[in-house]
Amino acid sequence: MILDEAGIRQIAEDIEQAEEYEESPPESCMPLTIESVPLSAEIDDNPDRKRPYLPSCYNVYDKIKGSIHLAFLSHLCFILASLFYLKLALVTLNWYLYTKRRGVPQDILDEDTEEVWTSWTSENGADYIFDKWEAYRLEYELFYIMGALFFVFVGLLDLIRYFDCLNMVLVLAGVAGMISALSKTYQARTIWDFVSVHMFFIEAINLLLRKHDFERVACFRIGDVCFLIGAVLDCIGSYVGIAEHEGLWVIQMDVFSCCLWLFSALTDITAEIYYLRKRVGGSSDGIGTVQCY
C-alpha cells in the first residue's frame, strides 16, 4: 500500500491528537471520582441524633421517615392491636364472671389446664362448662395472638420510619405476648406475660423521651401518657399474677388498661391528621408527617 502526501499528513495528525489525549483527556472521559458528600446526619440541626450511613444524594432515609403512608399504617396497626387486646380483656372478664356464677373454685381457674378442667368437670357433672372453657381458650388465643401480632407490625413500621433500635422493644413485647398466648400452663403464661408487659413499659418510656419536632400538638403527649399508665397497670397485674392472687379487680384493671391503650391509639392518629391538615394548609412545599427522634 503506497501512501500519498495527504495520507502521511493525516497519520501525523492522528498521532499528534493521540499524544494530546494522553496528556490531557477531555472531561467526559475523566476517571470517576467520588466527592466527599455530607451524610444526612451531617446536615442536621440536631447533631446528637444518629442516623444510618446512607448517601444523602439518594435521600432514602428522608423519604422513608417522611412517608405519610407508613405513618398511618402504623397508627392503624396500633388501633387494631389495642382493639384485640380490649376484646381479649372483655372475653376474660366475661369468662371469670361466668365461672363464678357456676361455682368454679379459684384454684381451678388458677391452674387453667385441660387436665384440671377435664377432671373437675367430670367429677361435678359439668361437661358443658368444659365446652365453654374450650371455646374461651380458642377466643383467648386468637385475640391475644392477633393483638400481639399487630404490635409487632407497629414496632417494625416504626423501626423502618425512625431507624431507632429501641423500636425493637415493641417487637419483642409482641413476640412475648404470642408465646404467652400459646403456652399451655398457667406458670408459663404468667412468665411470658410478665416479660411482655415490661417490654411495653420500656416502649412507653421511650415514647415519652422521644423528641417531636413540634410542641403545639398536645394529643401525642396525652396519648403517650395514657399508654404509659396502661403499661404500669399491666405491670402491676403481672406482679399479682406471679404472686397467684388474681381476682376480679385485676381483670377489671386490665380492661381499663386496654381502654387507655385504645384511647392512646385514637389520639395519636387524631394528632397525625391535625398536624397533616395544619401543614398542608400552612405550606405548599408538600405533605409531611410528624417526625420523631
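Above this text you will find the structure in question.
Visitor: In this structure, what is going on with the nonpolar core? I would like to understand it.
Guide: Soluble globular proteins: nonpolar side chains tend toward being buried together. Counting residues in hydrophobic clusters, the biggest one holds 51 residues, and the most contacted among them are Tyr 85, Trp 95, Trp 117, Ile 129, Phe 151, Phe 200 and Phe 227. Secondary-structure elements contributing two or more residues to this core are α3 (68-101), α4 (106-111), α5 (114-124), α6 (127-162), α7 (168-182), α8 (186-209), α9 (219-242) and α10 (248-282). With 14 residues, α3 is the largest single contributor of residues to this core. Ignoring anything within four residues of it in the chain, the contact list for Phe 151 reads Phe 78, Ala 81, Ser 82, Tyr 85, Leu 170, Phe 200, Phe 227 and Trp 261.

Visitor: How should the environment of Asn 167 be read in this particular structure?
Guide: In this fold, Asn 167 is placed in the loop between α6 and α7. Taking the C-alpha atoms as reference points, Asn 167 and Leu 156, separated by eleven residues in sequence, lie 7.2 Å from one another. Residue contacts for Asn 167: discarding those within four places in its chain leaves Gly 155, Asp 158, Leu 159, Tyr 162, Glu 203, Asn 206 and Arg 210.

Visitor: Would you take a moment to explain α8 for this structure?
Guide: Because each turn of an α-helix spans 3.6 residues, side chains separated by three or four positions in sequence point in the same direction. In this model α8 runs 35 Å from its N-terminal to its C-terminal C-alpha over 24 residues, within 8% of the 34 Å that 1.5 Å per residue would give. The set of residues buried in α8 consists of Tyr 186, Arg 189, Thr 190, Asp 193, Ser 196, Val 197, His 198, Phe 200, Glu 203, Ala 204, Asn 206 and Leu 207.

Visitor: Help me understand empty space enclosed by the protein, please; the structure alone is not making it clear to me.
Guide: Rolling a probe over the atoms, with the probe sized like a water molecule, indicates the empty space that remains. Inspection of every chain in the model, using the stated rule, returns three cavities of 30 Å³ or more. The wall of the largest cavity is formed by 33 residues, among which Thr 92, Tyr 140, Asp 193, Glu 246 and Asp 254 lie closest to the centre. Going through the elements one at a time, α3, α4, α6, α8, α9 and α10 are the ones with two or more residues in the lining of the largest cavity. At seven residues, α8 tops the list of elements feeding residues into the lining of the largest cavity.

Visitor: Teacher, can you tell me more about the packing of aromatic side chains here?
Guide: The geometry of two aromatic rings is summed up by the distance between their centres and the angle between their planes. One pass over the full model with this rule turns up 23 aromatic pairs. Geometry around Tyr 98 places Lys 132 over its ring, the cationic atom sitting 5.7 Å from the centre.

Visitor: Where do I start with the pattern of salt bridges in this structure?
Guide: Side chains that differ in charge, positive against negative, can pair when their charged atoms come close. Under the defined criterion, the tally for this structure stands at two salt bridges. For Glu 141, the salt bridge is made with Arg 137, and the minimal N-O distance between the two is 3.8 Å. Residue Glu 141 and its partner Arg 137 are located together in helix α6, separated by four residues, close to a single helical turn. Both residues of the pair, Glu 141 and Arg 137, belong to the buried class. Across the pair Asp 224 and Arg 221 runs a salt bridge, and its minimum N-O distance is 3.6 Å. Here the residue Asp 224 and the residue Arg 221 both occupy positions in helix α9, the gap between them amounting to three residues, near one helical turn.

Visitor: For this particular structure, what's the right way to read a nonpolar patch on the surface?
Guide: A grouping of Val 175, Ile 179, Ile 191, Trp 192 and Val 195 is seen on the molecular surface, where their side chains present a nonpolar patch of about 370 Å² in accessible area. Of all the elements in the fold, those that place two or more residues in the nonpolar patch are α7 and α8. Top element by residues in the nonpolar patch is α8. It accounts for three residues. Summarising the element assignment, Val 195 is placed in helix α8. By relative accessible area, Val 195 is classed as partly exposed at 30%.

Visitor: When you look at the packing of α6 against α7 in this model, what are you seeing that I'm missing?
Guide: The packing of two helices is summarised by the inter-axis angle and the distance between the axes. Orientation of α6 relative to α7, taken along the N-to-C sense of each, is 165°, at an axis distance of 7 Å. Judged on the interaxial angle alone, α7 and α6 are roughly antiparallel. Of the two possible hands of crossing, α6 and α7 adopt the one that is left-handed. For the contact of α6 with α7, the per-class residue count stands at 17 nonpolar, four polar and two charged.

Rules of the game
Residues numbered from 1 in each chain as written. Predicted model: local features only at pLDDT ≥ 70, side-chain atom pairs only at ≥ 80, totals over all residues. Heavy atoms only, no water. Core = buried A, V, L, I, M, F, W, Y, C linked by side-chain atoms within 4.5 Å. Buried < 20%, exposed > 50% of the residue type's maximum accessible area, 1.4 Å probe, protein only. Helix = DSSP H or I, 4+ residues; strand = E, 2+ residues; numbered from the N terminus. Contact = heavy atoms within 4.5 Å. Expected span 1.5 Å × (residues − 1). 1 Å grid on protein atoms, 1.4 Å probe; cavity = no way out; pocket = protein on both sides within 12 Å on 5 of 7 lines; lining within 4 Å. Points joined across faces, edges and corners; volume = space filled by probe spheres on them. Phe/Tyr/Trp six-rings, centres within 6.5 Å; stacked < 30°, edge-to-face > 60°. Lys NZ or Arg CZ within 6 Å of the ring centre and 35° of its normal. Salt bridge = Lys/Arg side-chain N within 4 Å of Asp/Glu carboxyl O. Patch = residues over 30% accessible without salt bridge, like charges linked within 9 Å, V, L, I, M, F, W, Y side chains within 5 Å. Areas by Shrake-Rupley, 256 points an atom, 1.4 Å probe, with all protein chains shown as cover. Axes fitted to C-alpha atoms, helices over the stretch in contact; angles between N-to-C directions. Parallel < 35°, antiparallel > 145°, perpendicular 65-115°, else oblique. Left-handed = near helix turned anticlockwise from the far one by under 90°. Nonpolar A, V, L, I, M, F, W, Y, C, P; charged D, E, K, R; others polar.

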